[in-house]
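# Descriptive structure summary
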Amino acid sequence: KEKWQRLSVGCSKLDRFLRGGVGVQGITEIAGESGSGKTQLCLQMALTVQYPVTYGGLSGGAVYICTEDAFPSRRLQELFCCFPPTFSEAQTNMNFGDSIFIEHIGDVESLKQCLLVRLPQLLTQRKVKLVVVDSIAGLFRSDYDPGDAVNRAKDLQVVGGQLHKLAEQFHLAVICVNQVTNVAGKKNNETQQQPVAALGLAWANMVTTRLQLCRTAHTVPDPHQPDHTVCVRTLQVVFAPNLPSDSCHFIVTKAGVFG
Ligand code: GTP
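What comes next concerns the included structure. For clarity, every value in this text was computed on a predicted model and none was experimentally measured.

Cut-offs applied
Residues numbered from 1 in each chain as written. Predicted model: local features only at pLDDT ≥ 70, side-chain atom pairs only at ≥ 80, totals over all residues. Helix = DSSP H or I, 4+ residues; strand = E, 2+ residues; numbered from the N terminus. Rg over C-alpha atoms; globule rule 2.2 N^0.38 Å. Buried ≥ 20, exposed ≤ 12 C-beta atoms within 10 Å, placed from the backbone. Contact = placed C-beta atoms within 7 Å. Pairing = 2+ DSSP bridges. Axes fitted to C-alpha atoms, helices over the stretch in contact; angles between N-to-C directions. Parallel < 35°, antiparallel > 145°, perpendicular 65-115°, else oblique. Left-handed = near helix turned anticlockwise from the far one by under 90°. Nonpolar A, V, L, I, M, F, W, Y, C, P; charged D, E, K, R; others polar. Near = placed C-beta within 6 Å.

On to the overall build of the protein, then. A count of helices and strands for the protein gives 8 helices and 13 strands. The C-alpha radius of gyration computed for the protein amounts to 18 Å, which stays within 12% of the reference 18 Å derived for 259 residues, consistent with globular compactness. Out of the 259 residues in the protein, the part that is buried amounts to 40%. Sequence separation of 24 or more characterises 68% of the internal contacts of the protein that already satisfy a separation of 6 or more.

Right, let's get into the sheet that holds strand β11 (residues 225–239). The strand order across the open sheet built from 9 strands is β5-β4-β6-β7-β3-β10-β11-β12-β13, with neighbouring strands paired in mixed fashion. The sheet terminates laterally at β5 (100–104) and β13 (256–258), the two strands that pair on one side only. Averaged over neighbouring strand pairs, the angle between their axes works out to 25 degrees when direction is ignored. Both strand β4 (residues 61–66) and strand β6 (residues 128–134) contribute to a ladder of 6 bridges, which runs parallel. Of the residues in β6, the one forming a bridge with isoleucine 65 is valine 133. The sheet contacts of helix α7 (residues 149–170) involve β3 (27–32), β6 and β7 (173–178), and relative to β3 the element is tilted by about 130 degrees.

Relative to each other, helix α5 (residues 108–125) and α7 sit at 15 degrees, their axes nearing to 10 Å. Looking at the two axes, α5 sits roughly parallel to α7. Crossing handedness for the pair α5 and α7: left-handed. Contact residues: α5 offers Val108, Leu111, Lys112, Leu115, Leu116, Leu119 and Leu123, while α7 offers Asp155, Val158, Val159, Gln162, Leu163, Leu166 and Phe170. For the contact of α5 with α7, the residue count by class is 11 nonpolar, 1 polar and 2 charged.

Below, the discussion takes up unusual backbone geometry. For the peptide bond that leads from aspartate 134 to serine 135, omega is 5 degrees, which places it in the cis range. Among the secondary structure elements, serine 135 is positioned in the loop between β6 and α6 (136–142). Here arginine 19, not a glycine, exhibits a phi torsion of approximately 55 degrees, which is positive. Classification of arginine 19 by C-beta neighbours within 10 Å gives partly exposed; the count is 13. One non-glycine residue, histidine 171, lies in positive phi territory at about 50 degrees. The topology assignment puts histidine 171 in the loop between α7 and β7.

Note that glycine 200 resides in helix α8 (residues 200–204). With 152 residues separating them in the primary sequence, glycine 200 and threonine 48 have C-alpha atoms 31 Å apart.

With that settled, consider the site of the ligand. Near the ligand you find Gly32, Ser34, Gly35, Ser36, Gly37, Lys38, Thr39, Gln40, Arg75, Val252, Thr253 and Lys254, and these make up its full shell. When residues of the shell around the ligand are traced back to their parent elements, those giving at least two are α2 (38–48) and β12 (247–253). The element that contributes the greatest number of residues to the shell around the ligand is α2, accounting for 3 residues. A class-by-class count of the residues in the shell around the ligand yields 1 nonpolar, 8 polar and 3 charged.

So, about α2. Burial analysis of α2 places 11 of its 11 residues in the buried class, the great majority of the element. All of the buried residues along α2 are Lys38, Thr39, Gln40, Leu41, Cys42, Leu43, Gln44, Met45, Ala46, Leu47 and Thr48.

Relative to β12, β11 runs antiparallel, the two sharing 4 bridges. Looking across to β12, one finds that leucine 235 is bridged to cysteine 248. Sheet topology places β12 next to β13; 3 bridges connect them, and they run antiparallel. Within the sheet, the bridge partner assigned to threonine 253 lies in β13 and is glycine 256. The antiparallel pairing of β12 with β13 creates a hairpin that spans 2 residues between the two strands.

Right under this line is the structure:
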């Protein structure tokens, strides 16, 4: 039996695929191109984390660190209203919005401050069980000169190290969203461009579980609007301590991530 708990991602098919959801262990990275569904998954976990353990949650709040876009509150509200009734019932006595702490961060120095100073204070005062950094890539891709790999690697180590420390000390799930870059790779003996998580080895070494999302060319009818179609997406386990490297399909609808 596993040593660590898991947090539901709010989609039963993906939860089964991930053997219960994302592990409360180290850093889980969700990488993928723009529009692949990374933020949707994170928003759902900011909700599921608040549910009792019997519903796949961790009975705690979430810290959502936004580095690129403003926090999508309206989308979160919509997802909450569409969530399965069992989940909503478990929540009726709580105002879910009160348990999501939003931080807007514009540069690496502010991220370090947030993780080293503000978060430890907040985590000792409030029962928070999920920290999301959406995204780690933007800051680290823009804040350094091209030749400044050493300082960038150092800062990545500080950020990653502190996230690991907080995860262990406060028994939290930590999710970092990452972008992808296309690199040449071999597939079926042919050289093809393949999307690979950004930030290189310095960051990859800090990541415990790497999940990668992508859109496919296939579409299916939208279950909420049968006259519309939605694109089929894949979630791939790139590496994880106790999951096979496999992939699974999903779609994103008005009601969120759907198996
Ligand atoms: P970046 O933030 O650009 O890196 O992309 P992302 O991977 O975080 O994408 P995100 O999760 O924001 O969106 C993924 C997909 O979810 C979009 O392409 C839309 O198809 C769908 N989506 C996002 N917001 C909504 C919404 O409010 N309603 C519906 N029906 N679908 C949405």
